[in-house]
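Next come the chains, spelled out residue by residue.
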Amino acid sequence: MAVLRSDRLPPLLLAAFATLGAFPVVRSLLVADLNWCYPYNTADSYDWINNGLYWAGASVAPSLRPPGLPLLIASLWKLGALPSLPVFNFLFLGLSTTALYALLRERHDGWIAAIASWFFFANNFVQDFSRCVMAETYAAPFLVLATLAFVRAARAPRVWIAFGVCLGVGFLFSYSAVPASIGFAVALVAVSRADLRRRELWAGLIAYALVAGSWIAFRWSYYRAHPGGPRHGVEALLHPSAANLPFYAYAATALVGLVPLALYLAGALRFARSPSPAPRWRAAVLGPLIALSLFWGFVYDWADKRFLLYALPFLVCFLAEGLELLRDFARNGTAAAAAAAAFLALALLWNQIRYPGYGFVFLALTPVHFLQVGVTFTPAQKAVLHFEEAQVVRPHSRFLEFFSWGLFDPRRVDVSCSAADQGYTCLAVLKSEADRLLRSGQPIGLLTPRGWPSDYWSSSQRLANALLRPVTSPGEAEIMLAGIEAAHADADFARLPFVARCGPYVLVRTR
């Protein structure tokens, strides 16, 4: 029993609570059509789906995002199981949590590792974002696995091969593997130059280079062959600047929460000052963390709270040090133990305070009161925070709404569309008409119908995924889809020849 409690019970409890918490949530996310009805799609989500349909053989025009998530989407689409993608989101979140637990066990006992991992898994933003069709949830576990391999390679050099493979797979999901790789390289030179003479390390690096290089070569050749097509233009955002620092300082504080922040900060001091962390462990955590922080803060000219998900597992390593300090304090008597337990309970509760929506303009001051800052968007739609416009607000009206419904919540999310609605079923009818009138791969125009997403990019990508062909502006296509209301509101539009009509939509010939 002692062995069970000391070694097996913490990970078993972590796995049990994670499964019990996530299962009803995942079940509530299943919809008839992921592209059309899923309530957590963003503009980027439609583009990820579009890229997946390209790999499945559809005649769409992809931006050619990293192929990891699109290949998974393509596989599920071929199997007729694309609506099950949210299940894989949470499976990969589980993989991140498992890898983080294993990494923490290299330094801490099972209870500290399990509690720290739960802070990561149950974090409100992590849970909220894991619903979205985005690549961060899929890329993060491979960076943590690479860190674990970096540490374990000291004992088993063959693990260097796994290190390279993990970075390669991570690169196929997200280019964040590149700055992380630079951090690992600096860490290796700093603490283990002798490994530079190991064949296993070079085998792993060659595997990484082959994977990344093959994708870069394919991407370059594809863009060259399709000069007028869409682009996933990450290179254009590489502009050295310090403008992102206020955004990330504010967003990171909100991400970890004010009460848990005390554990993170105390743990960071212990991590820096204590002689007990092995140099390799310290370097494995700090290398990618510093590299990723510098990249998002100073190099990449875009600010988004989701990028912090790459850094959060490494920050949780500081949290684990803070939990060690809290346990040491609890050993000072009954009163100290009670105070430590109360603080831990409050920190766990604070970790699940519910933020409104995507929430990057909010910081929870209490479970009830939030600091809300102002925000504007540049012409390129980059968010810029304005702290001089800050105000304290109460975004929720009832007490239970203050805490995340991300876990242990069986309620279904209200979905604005149904597979039985004409707004959905008529698309299949009009797809057949468009396929009859247009060549494979020939674009169709779109005049956004009433009730569709407000931004044209989301609407056009969602329609492209439904019709399995590119979508362009009305004047650039022979056939255009529009809402029937346009015929009543615009006399010029009404004079265009209708070629098909179904429910709320019409197809018209523009030339």
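Keep in mind that this is a model prediction, so the values were computed, not measured.

What counts and how
Residues numbered from 1 in each chain as written. Predicted model: local features only at pLDDT ≥ 70, side-chain atom pairs only at ≥ 80, totals over all residues. Heavy atoms only, no water. Axes fitted to C-alpha atoms, helices over the stretch in contact; angles between N-to-C directions. Helix = DSSP H or I, 4+ residues; strand = E, 2+ residues; numbered from the N terminus. Left-handed = near helix turned anticlockwise from the far one by under 90°. Contact = heavy atoms within 4.5 Å. Nonpolar A, V, L, I, M, F, W, Y, C, P; charged D, E, K, R; others polar. Pairing = 2+ DSSP bridges. Salt bridge = Lys/Arg side-chain N within 4 Å of Asp/Glu carboxyl O. Buried < 20%, exposed > 50% of the residue type's maximum accessible area, 1.4 Å probe, protein only. Core = buried A, V, L, I, M, F, W, Y, C linked by side-chain atoms within 4.5 Å. Polar contact = N/O pair within 3.5 Å; in protein donor to acceptor, adjacent residues only side chain to side chain. Phe/Tyr/Trp six-rings, centres within 6.5 Å; stacked < 30°, edge-to-face > 60°.

Student: Which residues make up the packing of helix α13 (residues 258–273) against helix α16 (residues 334–350), and what are the values?
Tutor: The contact between α13 and α16 brings their axes to 7 Å, and the two run at 115°. Taken as a pair, α13 and α16 cross one another with a handedness that is left-handed. On α16, the residues touching L258, V259, P260, A262 and L263 of α13 are F343, L346, A347 and W350. Counted by class, the contact of α13 with α16 contains 9 nonpolar, no polar and no charged residues.

Student: Give a description of the sheet that holds strand β1 (residues 362–364) that names residues and reports values.
Tutor: Backbone-to-backbone hydrogen bonds join strands into a sheet, with any given pair of strands oriented parallel or antiparallel. Reading across from one edge, β1-β2-β3 is the order of the 3 strands in this open sheet, with antiparallel pairing throughout. Edge positions in the sheet fall to β1 and β3 (383–393), since each of these pairs with one other strand and no more. Direction aside, the axes of adjacent strands within the sheet are offset by 20° on average. Here 3 bridges tie β1 to strand β2 (residues 370–377), and the two strands are oriented antiparallel to one another. Each bridged residue has a counterpart across the sheet, and for A364 the counterpart in β2 is F370.

Student: Account for the sheet that holds strand β6 (residues 479–483), with residues named and values stated.
Tutor: Spatial ordering of the open sheet is given by β5-β4-β6-β8-β7, a layout of 5 strands whose pairing is mixed. The open sheet has two edge strands with one neighbour each: β5 (471–472) and β7 (498–502). Both β7 and strand β8 (residues 505–509) contribute to a ladder of 4 bridges, which runs antiparallel. Its bridge partner lying in β8, A500 is registered against L507. Strands β4 (444–447), β6, β7 and β8 of the sheet are contacted by helix α17 (residues 422–437), whose axis makes an angle of about 20° with β8. Its contacts with the sheet place helix α18 (residues 456–467) against β4, β5 and β6, and it is angled at close to 135° to β4.

Student: Pulling in residues and values, what's your account of unusual backbone geometry?
Tutor: One non-glycine residue, Q381, lies in positive phi territory at about 70°. Topologically, Q381 is positioned in the loop between β2 and β3.

Student: Describe in detail the pattern of salt bridges, supporting the description with residues and values.
Tutor: Note that side chains of opposite charge can pair when their charged atoms are close. Evaluation of the coordinates by the stated rule reveals 20 salt bridges. D128 is paired through a salt bridge with R131; the nearest N and O atoms lie 4.0 Å apart. Using a relative accessible area of 23% as the deciding quantity, one classes D128 as partly exposed. Relative accessible area serves as the criterion here: at 8%, R131 is assigned to the buried category.

Student: Can you break down the nonpolar core residue by residue, with the values?
Tutor: Residues L69, L85, L104, V316, I444 and L481 are the most contacted members of the largest nonpolar core, which totals 153 residues. With 13 residues, helix α15 (residues 308–330) is the single largest residue contributor to this core. What L69 contacts, discounting residues up to four positions off in sequence, is W48, L85, M134, A135, Y138 and F173. If you look at the next biggest cluster of nonpolar residues, it comprises 8 residues, including A482, A486, A487 and F493.

Student: Go over the side chain of K382 with me, naming the residues and quoting the values.
Tutor: Within the fold, K382 resides in the loop between β2 and β3. A polar contact of 2.8 Å, which involves the side chain of K382, links it to the side chain of D301. Setting aside residues up to four positions removed in sequence, K382 forms contacts with N244, D301, W302, A303, T376 and F377.

Student: Residue-level account of the packing of aromatic side chains, with values.
Tutor: Under the criterion given, the structure shown has 36 aromatic pairs. An angle of 65° between the planes, with centres 5.9 Å apart, marks the rings of Y38 and Y40 as edge-to-face. Each member of the pair, Y38 together with Y40, is buried. Aromatic pair W55 and W215: ring centres 6.2 Å apart, planes at 50°, arrangement tilted. Pair noted here: W55 is in helix α3 (residues 43–55) and W215 is in helix α11 (residues 199–225), with a separation of 160 residues, a long-range link. Judged by relative accessible area, W55 falls into the partly exposed class, the value being 29%. Under the relative-accessibility criterion, W215 is labelled buried at 6%.

Student: Outline the environment of R511, listing residues and values.
Tutor: You can see R511 is positioned in the segment after β8. The spacing of R511 and E478 is 33 residues in sequence and 5.6 Å in space, taken between C-alpha atoms. Among the polar contacts made by the side chain of R511, one reaches the main-chain carbonyl oxygen of G475 at a distance of 3.4 Å. A polar contact of 3.4 Å, which involves the side chain of R511, links it to the backbone oxygen of A477.

Bear in mind that shape data such as this cannot, by itself, settle questions of function.
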